[in-house]
Structures are given as structure tokens and as C-alpha cells.
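# Structure at a glance
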Amino acid sequence: MKNMTLANIAAACNGRYIGSEADREREVSEVVIDSRAAKEGSLFVAIRGERVDAHRFIPAVFAQGALCVICEEAPESPAGACIVVESSLQAIKDIAEFYRKQLNLKVVGITGSVGKTSTKEIIASVLSEKYQVLKTQKNFNNELGLPLTVFRLREEHEIAVLEMGINHFGEMHRLSKIARPDVAVITNIGECHLEFLGDRDGVLRAKSEIFDFLTKDGTVILNGDDDKLASVKEVHGKKTVFYGCQEKDGIYADQIEYLGLRGVKCCIHMEDEAFEVMIPIPGYHMVLNALAAATVGHAFGLTKEEIARGIEKLETLDGRMHLIEQNGLTVIDDCYNANPVSMKSSLRVLSNAPGRKIAVLGDMGELGEDEIALHREVGAFAAEVGIDLLLCVGTLSKELVQEAADRNPKLQTIWAVDTEEALQKLQSFGLKEGDYILVKASHFMHFEKLVSDLTK
């Protein structure tokens, strides 16, 4: 890892070095927090968790060949070098910030209330047509996950596509300080994390902290169809670049054609040229995600042919509009997370399915004092969107299903207390070949188990 000597690492995190002078100038090969992943040349960061204190694994990581350990308490007679710090969590952020500065590459930072991961995936797919790209894996988008993603970067990478997720004020400021984005993308400002951010204006303020460490010649790319983002005309004296589905300045799409669950076609207009593209994931929101990717690709000099190829190569991820066909059923696995905007979007996609349309929805978290009203809002939408069965799980979702039943007595509605009861009631309902089942809830509902049971 470039310039990641133990001396530089100790200086970056203001740590006290314990070890031989010869080791001080050695570079680490990787940074890990999982003791099982430590090997020859590793830097192991020992973090005290709620259930496990990783300091207990220090002897084991040295036995596996680790070069050095970051720790809050120096072990007795360590078998290798140690850097003692006040906080391992702060140290890992400080070291990631230092390492980012050593690398001659561009960073695309992506945030927003909905669609961060899908947008990250499609941007990375487009940029990979021309560049060596590293992207955020899984949900490594917070104050621990982002540094771990940064540590995966190597000198051969030309662009890093980093997802940045927050739910409190100040978090994005700290993430931006690590990432130092050259391009900042915000997908939308929705009703999420309201428990901590108050309202959509609060969400906008919190997400806008991504601009705090935008590089000097950085570019800001925003969804111009979002009313809150459309008000951000410039950042640091530089004009904002917008994308959307309305003809205006920037990159836009029209001639949108929905192809059921096979995806969506559209025509993307980019300055004085236009091109048709087939997006292999369904939903209006995917048109916006493709436009974000096209805008980023254009900023990095890709041709329209390269952009179209990158969009059309996109693949789905588990838990995010992932279609699973099993025993004649099609399960739409969208259970990774949920808020009112994404719930409505997924219900709209389900409504385009050819068979019976079954929505299995669970509670949405972090919605603040309006959580009941927002669940009812989704229920009202579900009542009219055109589905055959609505099954809801959880305390808050009882409000959702009741609102749907009140609004549309013809819609079959069921409530279950947990996922086990939900599965039983689905089986009693009589699933049959050709059914389409949407499974969606906030992550804490653990609907991945329901997906697993449905697809066994």
C-alpha cells in the first residue's frame, strides 16, 4: 500500500509506536478489522465492539503474520509492532484519510435518500468501460465501511466509486473528509432518517455535507427532478450539473418504455446527441439512476456507445430488485431497506408483473414522529396501484395494511405479527405458478429470511 509505512500510519492517527526501528519503515500490505483475515504484512485494527473486544485476538493475528496492530491498550510482550491510540475507530478514519491522499485517482462520491447502491452499481458499470474502477462492496458505506473500502484501493485503480450513507448530522462531513470526492452525486432527498434529521430540509443539509471536502475542480451532479436538489444551483461558486426526465439544461431522458420486469427502455439526450438504451432492471427510478451514470460517464469523457454498453451490462444485487425464479414463483427480493419513496417505487414495479401480484411489506424505520402517517401514505398508494394481495408484517405496517383495506375493500389484505406467521399465511393463501411476490421492508425486519424460505 503506497506510503503506508508504520511511521506514516502512526503519524496519521497520532498514535504511539511500539516496536523495532527497522519495522517503522516497512509498508503494510492491507488493513483488516477481522482477525481471521489477517495474514503476512497485515495491519490489524483492534476495535472494541458491543459484543466482542478484538484486542483479545492480537496474539492470534501476530501468529498469522500481521506486521502491526492498532490498539487502545498495549498488550504485554507483543509479538510484533503496535500503535497505541485513544480510539481505534477514529484511528481507522484518520489512516484512511491519509491513504486516500497518497493515491493519484479520481473519486465519485454517491449519496441520497433512495437508490444509492443501484446508482453506485450503474455508475461503476459505465465507468468500467474505460477505466480501472473500484466500487463499494455490500453496505460498506458508513464511518467504518468507507475506510475499509478506501483501503482496498491500489495504484492501478483510476476511479473509486464510493457509496456514502448517513443518518445523523456531521457524519457526511466526516465521510467527505476521508473520500475527498472529485465528483459528488446526490440521487434524491426523501423522507428517511427523519427521526434524526427532522424533515426533508434537514436531510438536504445533512447530505450536502458531501460538498465540504469536494476537490478544488470538483463537479456536483444532482437529480434535477427532485425539488430540494433543484434549488442547489451552484456549489463553491461552480454551476451544478443536473439530470432528470424533463427537457432542460443538462442530461435528460424521454421516450420511456416499460418492459414489465425485464427492464425499461429510454432515449438519453446528452448535449447535441441522443441514444437509446435498455436498462435491465425495471422501474422509473432506474431511468434516473441511468441518467446519473450517463452524466458521470460524460464528465469522464466516455462516448455514448461506452455509456450505453455500461448501462446495459448492469446486474442486480441480492436484496435490491433481485428477481428469483423458483418453483414457478418469481420473488422480487427488495428487502435490503425501505422508506416511503422506495416502497412506492417497488409497488409500481410489481404492478407491471404479468401474473398475480403479491406484496409482502414490513415496517419502515427511522421515520420520526410522522412514522404512522407515512406508513398510512404507503398503504393508500398500495390500495390504488393495482396489486392482488397485500400482506404486511410488524406493528407499524398494521397501519399500512389497514389504510389500504379502508381505501380499497376489494384488495385482499392480511396482517402478520412476524415473518413466520407471514409465511404460513402466504401458504394458506395458496401460492401458485405464475405468482409474483415483492418482499420489502427496512433492514431491521430481517426479511432476507422470508426470501430464503420462499425460494427454498
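Refer to the structure above for everything that follows.
Residues numbered from 1 in each chain as written. Predicted model: local features only at pLDDT ≥ 70, side-chain atom pairs only at ≥ 80, totals over all residues. Heavy atoms only, no water.

### Notes on the overall build of the protein chain
- Broken down by element type, the protein chain carries 16 helices and 22 strands.
- Taking 2.2 N^0.38 as the reference for a compact globule, 456 residues should give roughly 23 Å; the C-alpha atoms of the protein chain span a radius of gyration of 24 Å, in line with that estimate.
- The principal-axis extent of the C-alpha atoms belonging to the protein chain is close to 75 × 55 × 40 Å.
- Long-range pairs, those at least 24 residues apart, make up 64% of the contacts in the protein chain with a sequence separation of at least 6.
- Approximately 19700 Å² of the protein chain is accessible, and the part contributed by carbon and sulfur atoms is 45%.
- The positive charge centre, built from 51 side chains, and the negative charge centre, built from 69, are 1 Å apart in the protein chain. (Helix = DSSP H or I, 4+ residues; strand = E, 2+ residues; numbered from the N terminus. Rg over C-alpha atoms; globule rule 2.2 N^0.38 Å. Contact = heavy atoms within 4.5 Å. Areas by Shrake-Rupley, 256 points an atom, 1.4 Å probe, with all protein chains shown as cover. Lys, Arg positive; Asp, Glu negative; His and termini not counted. Charge placed at Lys NZ, Arg CZ, Asp CG, Glu CD.)

### Focus on the sheet that holds strand S8 (residues 159–163)
- Spatially, the nine strands line up as an open sheet ordered S7-S8-S6-S9-S10-S13-S14-S15-S16, and their pairing is mixed. Both outer strands of the open sheet, strand S7 (133–135) and strand S16 (273–279), are each paired with one neighbouring strand and no more. In this sheet, adjacent strand axes meet at a mean angle of 20 degrees when their direction is disregarded.
- As defined by bridge partners, strand S6 (residues 106–111) adjoins S8 across five bridges and the pair is classed as parallel. By the bridge assignment, glycine 109 is partnered in S8 with leucine 162.
- Along the sheet, helix H11 (residues 304–312) contacts strand S15 (264–270) and S16; its crossing angle with S16, the most-contacted strand, is approximately 15 degrees. (Pairing = 2+ DSSP bridges. Axes fitted to C-alpha atoms, helices over the stretch in contact; angles between N-to-C directions.)

### Focus: the pairing of strand S14 (residues 251–258)
- The pairing of strand S13 (residues 241–244) with S14 spans two bridges and is parallel. Counted as the bridge partner of glycine 244 is tyrosine 252 from S14.
- As judged from the five bridges shared by S14 and S15, these two strands associate in the antiparallel manner. When the sheet's bridge partners are listed, alanine 253 is paired in S15 with isoleucine 268.
- Between S14 and S15, which pair antiparallel and follow one another directly, the connecting turn spans five residues, one of which, glycine 260, has a positive phi of 60 degrees.

### A short note on the packing of helix H5 (residues 116–127) against helix H10 (residues 284–299)
- Between H5 and H10, the shortest axis-to-axis distance is 9 Å and the interhelical angle comes to 40 degrees. Our classification of the angle between H5 and H10 gives oblique. The chirality of how H5 crosses H10 is right-handed. Here Ser118, Thr119, Ile122, Ile123, Val126 and Leu127 of H5 lie close against H10, whose contacting residues are Met286, Asn289, Ala290, Ala292, Ala293, Val296 and Gly297. (Parallel < 35°, antiparallel > 145°, perpendicular 65-115°, else oblique. Left-handed = near helix turned anticlockwise from the far one by under 90°.)

### A look at the sheet that holds strand S21 (residues 412–416)
- One open sheet accounts for six strands, arranged S17-S18-S22-S19-S20-S21; its pairing is mixed. With partners counted over all chains shown, the strands left at the sheet margins are strand S17 (322–326) and S21, one partner each. Sheet twist, expressed as the average angle between the axes of neighbouring strands with direction ignored, equals 20 degrees.
- Bridge count for strand S18 (residues 329–333) against strand S22 (residues 436–440) is four bridges, and the pairing is parallel. From the neighbouring strand, valine 331 faces S22, where its bridge partner is isoleucine 437.

### A word on the packing of aromatic side chains
- Within this structure, the stated rule accounts for two aromatic pairs.
- Aromatic pair tyrosine 99 and phenylalanine 151: ring centres 6.3 Å apart, planes at 35 degrees, arrangement tilted. A residue pair is termed long-range when its members are at least 10 positions apart, and tyrosine 99 in helix H4 (residues 88–102) and phenylalanine 151 in the loop between helix H6 (145–150) and S8 qualify at 52 residues.
- Ring geometry for tyrosine 131 versus phenylalanine 300: centroids 6.1 Å apart, planes at 70 degrees, classification edge-to-face. Highlighted residues: tyrosine 131 in the loop between H5 and S7 and phenylalanine 300 in the loop between H10 and H11, separated in sequence by 169 residues. (Phe/Tyr/Trp six-rings, centres within 6.5 Å; stacked < 30°, edge-to-face > 60°.)

### Let's talk about a negative patch on the surface
- Where like charges cluster on the molecular surface, the negative patch consists of Glu195, Glu369, Asp370 and Glu371.
- Mapped onto the elements, aspartate 370 comes out in the loop between strand S19 (357–362) and helix H13 (371–385).
- Residue classification places aspartate 370 among the partly exposed residues on the basis of a relative accessible area of 42%. (Patch = residues over 30% accessible without salt bridge, like charges linked within 9 Å, V, L, I, M, F, W, Y side chains within 5 Å. Salt bridge = Lys/Arg side-chain N within 4 Å of Asp/Glu carboxyl O. Buried < 20%, exposed > 50% of the residue type's maximum accessible area, 1.4 Å probe, protein only.)

### Digging into empty space enclosed by the protein
- Going through the model one piece at a time under the given rule, you end up with one cavity of 30 Å³ or more.
- In this structure, the largest cavity encloses a volume near 60 Å³.
- Around the largest cavity, the lining residues are Ser118, Glu121, Ile281, Met286, Leu314, Glu315, Thr316, Leu317 and Arg320.
- Residues belonging to the lining of the largest cavity are distributed by class as follows: four nonpolar, two polar and three charged. (1 Å grid on protein atoms, 1.4 Å probe; cavity = no way out; pocket = protein on both sides within 12 Å on 5 of 7 lines; lining within 4 Å. Points joined across faces, edges and corners; volume = space filled by probe spheres on them. Nonpolar A, V, L, I, M, F, W, Y, C, P; charged D, E, K, R; others polar.)

### Overview of the environment of alanine 74
- Examined against the element boundaries, alanine 74 turns out to sit in the loop between strand S4 (68–71) and strand S5 (81–84).
- Sequence-wise, alanine 74 and valine 45 are 29 residues apart; in three dimensions their C-alpha atoms are separated by 12 Å.
- Aside from chain neighbours lying at most four places away, what touches alanine 74 is Ile18 and Val84.

### With respect to the pattern of salt bridges
- Across all of its chains, the model carries 29 salt bridges by this definition.
- For aspartate 34, the salt bridge goes to arginine 36, with nearest N and O atoms at 3.0 Å.
- In this structure, glutamate 73 and arginine 48 form a salt bridge, with 3.5 Å as the shortest nitrogen-oxygen distance. You can see glutamate 73 sitting in the loop between S4 and S5 and its partner arginine 48 sitting in the loop between strand S3 (42–45) and helix H3 (58–63), a full 25 residues away along the chain.

### Some points on the pairing of S19
- The buried fraction of S19 amounts to six of the six residues, a majority that puts the element mostly inside the structure.
- Neither face of S19 is exposed, since Lys357, Ala359 and Leu361 on one face and Ile358, Val360 and Gly362 on the opposite face are all buried.
- Both S19 and S22 contribute to a ladder of five bridges, which runs parallel. Counterpart to valine 360 in the pairing with S22 is valine 439.
- Note: S19 against strand S20 (residues 389–393), five bridges, orientation parallel. Counterpart to leucine 361 in the pairing with S20 is cysteine 392.
- Taking the sense of rotation as the criterion, the β-α-β connection linking S19, H13 and S20 turns out right-handed. (Right-handed = clockwise from strand over helix to strand, strands pointing away.)

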